[in-house]
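Here are the chains, one letter per residue:
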Protein chains: 2
Amino acid sequence: METVNKKILLVEDDPNFGVVLKDYLGMNDFDVTLAKNGMEGFEKFRKENFDLCILDVMMPYKDGFTLAKEIREKDENIPIIFLTAKTMKEDVLKGYKVGADDYLNKPFDSEVLLFKIKAILQRKSTESLADSKQFEFQIGNFHLNSKLRFLTYKEEEPIKLSPKENELLRLLALHENDLMPRELALTKIWRDDNYFTSRSMDVYIAKLRKYLKKDDLVEILNIHGEGFRLVVKEDADR
Amino acid sequence: METVNKKILLVEDDPNFGVVLKDYLGMNDFDVTLAKNGMEGFEKFRKENFDLCILDVMMPYKDGFTLAKEIREKDENIPIIFLTAKTMKEDVLKGYKVGADDYLNKPFDSEVLLFKIKAILQRKSTESLADSKQFEFQIGNFHLNSKLRFLTYKEEEPIKLSPKENELLRLLALHENDLMPRELALTKIWRDDNYFTSRSMDVYIAKLRKYLKKDDLVEILNIHGEGFRLVVKEDADR
DNA sequence: TAACCATTTAACCTAACGTTAACAAAAATG
DNA sequence: CATTTTTGTTAACGTTAGGTTAAATGGTTA
């Protein structure tokens, strides 16, 4: 089968290390573009469509986090792996805020990096099955405009939705009458699947249920241990 | 969320190394069963449902390759990783013949093993998404939706099934009118074949019989000492 | 700084689930 | 036909997931 190599943007200021890593990844069937600093990295990012970014944190002029933030503005889904010399907690936190997919502390085993890359790309590729560009939904007698974050019941005044409410309802709508796995919402919306994000999600399910109570045809059911299901019953009139 | 740990069968004759490795994997959220030789390894493999096998090649009585061949006869898809002291070409070839998924030469970096395991399991799990599993069944007048865990009788309100009820009924349906061996359900669903899981399964058979009582055409028969049979009689009307 | 809003965290409660025990019935064994 | 093994059924129990409300946090804006 014809398979195109995955494209990786590698931003690393140490030229020796950068070239070695680039060659290593190249030998493993990745197309690697090497940038020597954050500035150059962003330029290259804008010109090409990469599948994954590997960013050194400690770089002159523009550090990895700042670069990541800029990259995220252009593409909120691209996987980012940080290379960092320090294990400092604040750095890790900072990284997660800009949506790091993984971390590696230098020095690291190159084979480990390879497996992380493969694992992330695989995860993303299965996730993207759920990716959709649909932003408007008819849900029973409700209409959801996910771009404007409006939920309208019949001819009433639209209800304003918060970002999280909106994303969650949209994800449910994308799976209308089908299972929307907990894990999917947590990784897509909260970007982290742990006890607290899970509880947070439950809070938002409660909020959505409150909104949706207006329409008897619509309800959010739980499938224990699996996720939720947005059920839209057939209108008896039709 | 209910996430069951992956089960690994580790067959390693060096007791010290075996225990260390078992503990290390255990710390990383794997359930590891350790066997001291090929014989014991195969016994344990038959009793439980593992997700992956790690086999030492050099072992007394029964070497890793022979064991792998036996394991492959029972399950042609289970991932196998070989641990070997030598890098000899013929061994590598021999390993690939029995379908090795990966190799590690001793001594190896434990973190590398960890990433190999994760990568392999992830690959297998996405592969298995593709081999279209059947999740919907017509059972007499019942309809089973195994994805949403619903059992619907004619036009009545669907009955919610618990995960175990659902899996068990699905397994019976896959063997409709045929024997569904006890051992199969126990290893596949309970992942362990012992007295207690066996009694637990009987409890679930009772629950399913209660649900299925609505339809005279459907019943679960026991075949003493063998297993169960989901019988669907022909509808006289058709 | 105060006031506001979205989100997270905490606390507490209920429902769902699976296992186990206990006892009954049926089938196999010899 | 007495005994053992396997299966059937019910109920109690402990654990975990989910539901709900309110308070804490944190960022933004006036």
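In the block above lies the structure referred to throughout.
Below or above, wherever it landed, is the structure these notes cover. (Residues numbered from 1 in each chain as written. Chains lettered and ligands numbered in written order. Predicted model: local features only at pLDDT ≥ 70, side-chain atom pairs only at ≥ 80, totals over all residues. Heavy atoms only, no water.)

Looking now at the overall build of chain A. Scanning chain A for helices and strands turns up eight helices and 12 strands. Across the 238 residues of chain A, 45% fall into the buried class. Summarising the internal contacts of chain A: among those between residues at least 6 apart in sequence, 54% fall at separations of at least 24. For chain A, the computed accessible surface area is about 13200 Å², with 51% contributed by carbon and sulfur atoms. (Helix = DSSP H or I, 4+ residues; strand = E, 2+ residues; numbered from the N terminus. Buried < 20%, exposed > 50% of the residue type's maximum accessible area, 1.4 Å probe, protein only. Contact = heavy atoms within 4.5 Å. Areas by Shrake-Rupley, 256 points an atom, 1.4 Å probe, with all protein chains shown as cover.)

Once that is clear, we can look at the protein's contact with DNA strand D. The environment of DNA strand D is made up of 23 residues, and the closest members are Arg182 and Arg199 of chain A together with Arg199, Arg209 and Gly225 of chain B. Counted by atom, the contact set of DNA strand D within 4 Å of the protein is 61% sugar and phosphate. At a separation of 2.9 Å, a phosphate oxygen of DNA strand D approaches a polar side-chain atom of Arg182 of chain A. Taking His224 of chain A, its side chain carries an N or O atom lying 3.3 Å from a sugar or linking oxygen of DNA strand D. The set of elements that each furnish at least two residues to the surface near DNA strand D consists of α8 (195-212) of chain A together with α8 (195-212) of chain B. Here the element with the most residues in the surface near DNA strand D is α8 of chain B; it accounts for six residues. Grouping the amino acids of the surface near DNA strand D by side-chain chemistry returns six nonpolar, six polar and 11 charged. (Near = heavy atom within 4 Å. Polar contact = N/O pair within 3.5 Å; in protein donor to acceptor, adjacent residues only side chain to side chain. Nonpolar A, V, L, I, M, F, W, Y, C, P; charged D, E, K, R; others polar.)

The subject of this paragraph is the pairing of strand β8 (residues 150-153) of chain A. For a regular strand, side chains alternate in direction, first toward one face of the sheet and then toward the other. All names here are of chain A. When strand β7 (residues 142-145) meets β8, the two strands line up antiparallel, connected through four bridges. Paired with His143 across the bridge in β8 is Thr152. Between β7 and β8, which follow one another and run antiparallel, lie four residues, and Arg149 among them has a positive phi close to 55 degrees. The pairing of β8 with strand β9 (residues 159-160) spans two bridges and is classified as antiparallel. For Phe150, the partnering residue across the bridge sits in β9 and is Lys160. Turn length for the β8-β9 hairpin, with the two strands adjacent in sequence and antiparallel, is five residues, and the turn residue Lys154 shows positive phi of about 45 degrees. (Pairing = 2+ DSSP bridges.)

In the region of DNA strand C, 22 residues are neighbours, and Ser162, Trp190 and Ser200 of chain A together with Ser162 and Trp190 of chain B sit closest. For DNA strand C, the backbone portion of the atoms within 4 Å of the protein, that is sugar and phosphate, comes to 78%. Side-chain polar atom of Ser162 of chain B to a phosphate oxygen of DNA strand C: 2.4 Å apart, as the coordinates give it. Between Ser200 of chain B and DNA strand C, the recorded distance is 2.9 Å, taken from a side-chain N or O atom to a phosphate oxygen. Sorting the residues of the surface near DNA strand C by element identifies α6 (163-174) and α8 of chain A together with α6 (163-174) and α8 of chain B as the ones contributing at least two each. Broken down by element, the surface near DNA strand C gets its largest block of residues, six residues, from α8 of chain A. For the surface near DNA strand C, a count of residues per class yields 10 nonpolar, six polar and six charged.

With that settled, consider the interface of chain B and chain A. Contact with chain B, which involves 14 residues of that partner, is made by 20 residues of chain A. For the pair chain B and chain A, the interface holds two salt bridges. Ionic pairing is found between Asp178 of chain A and Lys147 of chain B, a salt bridge with its closest N-O pair at 3.0 Å. On inspection of chain B and its partner chain A, the count reaches two residue pairs in polar contact (both at pLDDT 80 or more). Top contributing element to the side of chain B that touches chain A by residue count: helix α5 (residues 110-130) of chain B, with eight residues. When its residues are assigned to classes, the side of chain B that touches chain A shows six nonpolar, two polar and six charged. (Salt bridge = Lys/Arg side-chain N within 4 Å of Asp/Glu carboxyl O.)

Further remarks concern the nonpolar core. Most often, soluble globular proteins keep nonpolar side chains buried together rather than apart. Counting residues in each nonpolar core, the largest one holds 41 residues, and the members touching the most others are Leu25, Ile54 and Ile117 of chain A together with Leu25, Ile54, Leu113 and Ile117 of chain B. Once residues within four sequence positions are removed from consideration, Ile54 of chain A is found in contact with Ile8, Leu9, Leu10, Val11, Leu25, Ile81, Leu83, Leu113 and Ile117 of chain A. (Core = buried A, V, L, I, M, F, W, Y, C linked by side-chain atoms within 4.5 Å.)

All names here are of chain A. If you walk through the whole model with that rule in mind, you get 20 salt bridges over all chains. Its salt-bridge partner being Asp202, residue Arg182 comes within 2.8 Å of it at the nearest N-O pair. Of this pair, Arg182 sits in helix α7 (residues 182-190) while Asp202 sits in helix α8, placing them 20 residues apart in sequence. A residue is classified by how much of its surface remains accessible, and Arg182, at 11% relative accessible area, is buried. A network of salt bridges, in which partner residues are shared, links Lys36, Glu40 and Lys44.

Right, let's get into the packing of aromatic side chains. Any aromatic ring pair is given by two values, namely how distant the centres are and how the planes are angled relative to each other. Taken as a whole and assessed by the stated rule, the structure comprises eight aromatic pairs over all chains. Where Phe142 of chain A meets Tyr153 of chain A, the ring centres are 5.0 Å apart and the plane angle is 50 degrees; that geometry is what we call tilted. Of this pair, Phe142 of chain A sits in strand β7 while Tyr153 of chain A sits in strand β8, and the two are 11 residues apart along the sequence. It is Lys207 of chain A that lies over the ring of Tyr204 of chain A; its NZ or CZ is 4.6 Å from the centre. For the cation-ring pair, Lys7 of chain B lies above Phe50 of chain B, with the distance from its terminal atom to the ring centre recorded as 5.9 Å. (Phe/Tyr/Trp six-rings, centres within 6.5 Å; stacked < 30°, edge-to-face > 60°. Lys NZ or Arg CZ within 6 Å of the ring centre and 35° of its normal.)

Let's shift gears to helix α3 (residues 64-74) of chain A. Residues and elements named next belong to chain A. What α3 keeps buried is the set Gly64, Phe65, Leu67, Ala68, Ile71 and Arg72. Axial view of α3: buried residues confined to an arc of 155 degrees, hence all on one face. Of the exposed residues in α3, those oriented more than 90 degrees away from the buried face are Lys69, Glu73 and Lys74. (Arc of directions from axis to C-beta.)

For the rest of this paragraph, the subject is the sheet that holds strand β7 (residues 142-145) of chain B. Either a parallel or an antiparallel arrangement is found when strands of a sheet pair, and the pairing is made through backbone hydrogen bonds. Residues and elements named next belong to chain B. Spatial ordering of the open sheet is given by β6-β7-β8-β9, a layout of four strands whose pairing is antiparallel. Two strands lie at the open edges of the sheet, namely β6 (136-139) and β9 (159-160), each paired on one side alone. Pairing analysis gives four bridges linking β6 to β7, with the strands arranged antiparallel. Opposite Gln138, over in β7, you have His143 as the bridge partner. Together, β6, β7, β8 (150-153) and β9 form the strand contacts of α6, whose direction differs from that of β6 by roughly 70 degrees. (Axes fitted to C-alpha atoms, helices over the stretch in contact; angles between N-to-C directions.)

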